[in-house]
Amino acid sequence: CDSVEAAWDYDFLRTSILELASSRRYNLQETLAHAIYDLVAGKPGVTALRVSTRKPDIYPDCAAVGVVLASF
């Protein structure tokens, strides 16, 4: 549907993800991606989800390296 009530609260998502990311040290971006996935997957109404992370400037011949988690 096309209504504000049906939209995501992006302020909440941003704040929640920033809090999650700063709550501890993540050695692997895969671990952080799983934590973000679990956070969002637990919200009411979520029926499909894709979380992607990437690290720029890891290799000189790549724009970025990353991971994608998805369920559809």
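Let me sum up the structure you'll find in this document.

1. Re helix H1 (residues 10-22)
Piece 1. Along its 13 residues, H1 runs 18 Å from first to last C-alpha, staying within 8% of the 18 Å computed at 1.5 Å per residue.
Piece 2. Structurally, the start of H1 carries an N-cap: the backbone nitrogen of aspartate 11 is 3.3 Å from a side-chain oxygen of aspartate 9.

2. Here's the deal with the packing of aromatic side chains
Piece 1. Applying the stated criterion across every chain yields a total of 0 aromatic pairs.
Piece 2. Looking at arginine 24, its charged tip hangs above the ring of tyrosine 26, at a distance of 4.3 Å from the centre.

3. What to know about the environment of serine 23
Piece 1. Positionally, serine 23 belongs in the loop between H1 and helix H2 (29-41).
Piece 2. A polar side-chain atom of serine 23 sits 2.8 Å from the main-chain carbonyl oxygen of leucine 20.

Basis of the calculations
Residues numbered from 1 in each chain as written. Predicted model: local features only at pLDDT ≥ 70, side-chain atom pairs only at ≥ 80, totals over all residues. Heavy atoms only, no water. Helix = DSSP H or I, 4+ residues; strand = E, 2+ residues; numbered from the N terminus. Expected span 1.5 Å × (residues − 1). Polar contact = N/O pair within 3.5 Å; in protein donor to acceptor, adjacent residues only side chain to side chain. Phe/Tyr/Trp six-rings, centres within 6.5 Å; stacked < 30°, edge-to-face > 60°. Lys NZ or Arg CZ within 6 Å of the ring centre and 35° of its normal.

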